[in-house]
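What follows is each chain in one-letter form.
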Amino acid sequence: MVRPLCSAAIRSRTPKDPVRKVVPITDGIVLGGDGFVVFAGPCAVETREQLFASADAVAAAGAGILRGGAYKPRTSHRSFQGLGPEGLSLLSEASARTGLPVVTEVMDPRDVDRVAESSAILQIGSRNMQNFALLREVGRRGLPVLLKRGAAATLDELVAAAGYIQAEGNDRVILCERGIRGFDPTTRYVLDLAAVPVLRERTDLPIIVDPSHGTGRSVLVGPMAKAAAAAGADGLMIEVHANPEQALCDGMQALRPQEFAQLMSELRRLVPLLGRRMLRPQSVSESKHLGTADEFIAP
Ligand code: PEP
Ligand code: MN
């Protein structure tokens, strides 16, 4: 038998998948098992109407977790900075209304307790991936943490940053690939999907992918979301806005409710082929008034 030049013996071997950590959130939502969880909602909480329109749509389409920023890390101090505490209470209302647990960003160690009252998962944004005081504080708080990769951080640095949270006794960390800086302005960032299998080699933590920030363009979100699922991600984070033209933040990358519902119906076909189940909170699955996602996209 002729052996291929690059034989198995000289190829670097992928270590066996270690026993993967599972991070339970609430009400049947678990990251890191055989489930697949879609986090979705607007980039920023702008108004009650805007948040509810997005929250209702993502819940109806089958999302597992509601996202939305109350504190926004913006490049310019002149840009909309988020509604702060008012945004947090709107998120609590939206969570009660839809049954979806909330993930929202905390930027300041002094806000951790306040944000924790409205959020099932504390999000550390890419700009704060190495804010060690903040990492320690969310580690001490003990809630699940979504840690986004810095735009110029290596994967080892991401794993090391997670270590700061774990060192405080909090093992409930979810990693998020959200794109890194490249040279080509065609996309906002370069979504590094190889990060998913690499992180699976290096950590036992759940890994999700954010194709919204990773591409910056709504038409690219669906293809990269499906590619992320195929690469082995445990879930996705996707921005959805009922009226992207009017969005105060990141409108270019937001999916409209119909587009999101379409993507979710494609994921419902793809994800089982990858040996996973789409998860949403038990109470939402059982509720009558939201209907199924397929009903939602029917004309
Ligand atoms: C966000 O998800 O709201 C966000 C600001 O993303 P990132 O930190 O990845 O830029
Ligand atoms: Mn955004």
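Residues numbered from 1 in each chain as written. Chains lettered and ligands numbered in written order. Predicted model: local features only at pLDDT ≥ 70, side-chain atom pairs only at ≥ 80, totals over all residues. Heavy atoms only, no water.

A.B. asks: Help me get a handle on the site of ligand 1, residues and values and all.
C.D. replies: Taken together, Arg67, Lys72, Pro73, Glu105, Gln123, Gly125, Ser126, Arg127, Lys148, Arg178 and His213 make up the full set of residues near ligand 1. Arg127 is positioned such that a nitrogen or oxygen atom in its side chain is 3.0 Å from an oxygen atom of ligand 1. The fraction of the free accessible surface of ligand 1 (300 Å²) that becomes covered by protein chains is 97%. (Near = heavy atom within 4 Å. Polar contact = N/O pair within 3.5 Å; in protein donor to acceptor, adjacent residues only side chain to side chain. Areas by Shrake-Rupley, 256 points an atom, 1.4 Å probe, with all protein chains shown as cover.)

A.B. asks: Can you lay out the packing of aromatic side chains for me, pointing to particular residues and giving the numbers?
C.D. replies: Under the defined criterion, the tally for this structure stands at 1 aromatic pair. Judged by centre distance (4.3 Å) and plane angle (25 degrees), the ring pair of Phe132 and Tyr164 falls under stacked. Of this pair, Phe132 sits in helix H4 (residues 132–141) while Tyr164 sits in helix H5 (residues 155–166); the two residues are 32 residues apart in sequence, bridging distant segments of the chain. Given the relative accessible area of 32%, Phe132 is considered partly exposed. Sitting over the ring of Tyr189, Arg178 keeps its end group 4.1 Å from the ring centre. (Phe/Tyr/Trp six-rings, centres within 6.5 Å; stacked < 30°, edge-to-face > 60°. Helix = DSSP H or I, 4+ residues; strand = E, 2+ residues; numbered from the N terminus. Buried < 20%, exposed > 50% of the residue type's maximum accessible area, 1.4 Å probe, protein only. Lys NZ or Arg CZ within 6 Å of the ring centre and 35° of its normal.)

A.B. asks: Could you give me a rundown of the coordination of the manganese ion (ligand 2), with the residues and numbers involved?
C.D. replies: Taken together, the protein donors to the manganese ion (ligand 2) comprise Cys43 (SG), His213 (NE2), Glu239 (OE) and Asp250 (OD), at separations of 2.0 to 2.4 Å. Along the chain, the residues that donate to the manganese ion (ligand 2) are spaced as C-x169-H-x25-E-x10-D. Of the two residues, Cys43 sits in the loop between strand E3 (35–41) and helix H1 (48–61) while Glu239 sits in strand E10 (residues 235–239), which places them 196 residues apart along the sequence. Residue classification places Cys43 among the buried residues on the basis of a relative accessible area of 5%. (Donors = N, O, S within 2.8 Å, 3.2 Å for Na, K, Ca; no water.)

A.B. asks: So what's going on with the pattern of salt bridges? Which residues, and what values?
C.D. replies: Taken as a whole, this structure holds 20 salt bridges when the rule is applied. Two residues, Asp171 and Lys21, come together in a salt bridge whose shortest N-O distance is 3.4 Å. Highlighted residues: Asp171 in the loop between H5 and strand E8 (173–177) and Lys21 in the segment before strand E1 (23–24), separated in sequence by 150 residues. A salt bridge links Glu137 to Arg140, with the nearest nitrogen and oxygen atoms 3.0 Å apart. (Salt bridge = Lys/Arg side-chain N within 4 Å of Asp/Glu carboxyl O.)

A.B. asks: Outline the side chain of His241, listing residues and values.
C.D. replies: With respect to the helices and strands, His241 occurs in the loop between E10 and helix H9 (257–273). Of note is the side chain of His241, whose polar atom sits 2.9 Å from the backbone nitrogen of Asn243. Among residues more than four places away in sequence, those in contact with His241 are Glu46, Gln50, Ser54, Ala247, Ala254, Leu255, Arg256 and Pro257. (Contact = heavy atoms within 4.5 Å.)

A.B. asks: Before we move on, can you summarise helix H2 (residues 85–98) with the specific residues and values?
C.D. replies: Given a rise of 1.5 Å per residue, 14 residues ought to cover 20 Å, and the 20 Å separating the end C-alpha atoms of H2 matches this to within 8%. Of the surrounding secondary structure, the elements contacted by the buried residues of H2 are H1, strand E4 (65–67), strand E5 (102–105), helix H3 (112–118) and helix H10 (282–286). In the stretch just after H2, Gly99 is the one whose phi turns positive, near 85 degrees. (Expected span 1.5 Å × (residues − 1).)

A.B. asks: Before we move on, can you summarise the pairing of E3 with the specific residues and values?
C.D. replies: For E3, the buried fraction is high: 7 of the 7 residues fall into the buried class. Neither face of E3 is open: one carries Gly35, Val37, Phe39 and Gly41, the other Phe36, Val38 and Ala40, and all of them are buried. Bridge count between E3 and strand E11 (residues 277–279): 3 bridges; the pairing is parallel. Counted as the bridge partner of Val37 is Leu279 from E11. Sheet topology places E3 next to E10; 5 bridges connect them, and they run parallel. Looking at E10, one finds that Val37 is bridged to Gly235. One ladder, built from 2 bridges, connects E3 with E4; its direction is parallel. Bridge pairing in E4 places Ala40 opposite Leu66. Read as a crossover between parallel neighbours, the route from E3 over H1 to E4 is right-handed. (Pairing = 2+ DSSP bridges. Right-handed = clockwise from strand over helix to strand, strands pointing away.)

A.B. asks: Break down H1 for me, with residues and values.
C.D. replies: Given a rise of 1.5 Å per residue, 14 residues ought to cover 20 Å, and the 20 Å separating the end C-alpha atoms of H1 matches this to within 8%. Counting buried positions along H1 gives 10 out of 14 residues, so the element sits mostly inside the fold. Those residues of H1 that fall on the buried side of the exposure criterion are Gln50, Leu51, Phe52, Ser54, Ala55, Ala57, Val58, Ala59, Ala60 and Ala61. The positive-phi residue at the C-terminal boundary of H1 is Gly62, with phi of around 105 degrees.

A.B. asks: Go over the environment of Gln81, please, and point to the residues and values.
C.D. replies: Tracing the sequence through the fold places Gln81 in the loop between E4 and H2. On the accessibility criterion, Gln81 (36% relative accessible area) is partly exposed. The spacing of Gln81 and Ala44 is 37 residues in sequence and 8.9 Å in space, taken between C-alpha atoms. In this structure, Gln81 is in contact with Ala70, Tyr71, Lys72, Arg74 and Ser76, ignoring residues within four places of it in sequence. Among the polar contacts made by the side chain of Gln81, one reaches the main-chain carbonyl oxygen of His77 at a distance of 3.4 Å.

Just distances and angles here, no functional claims.
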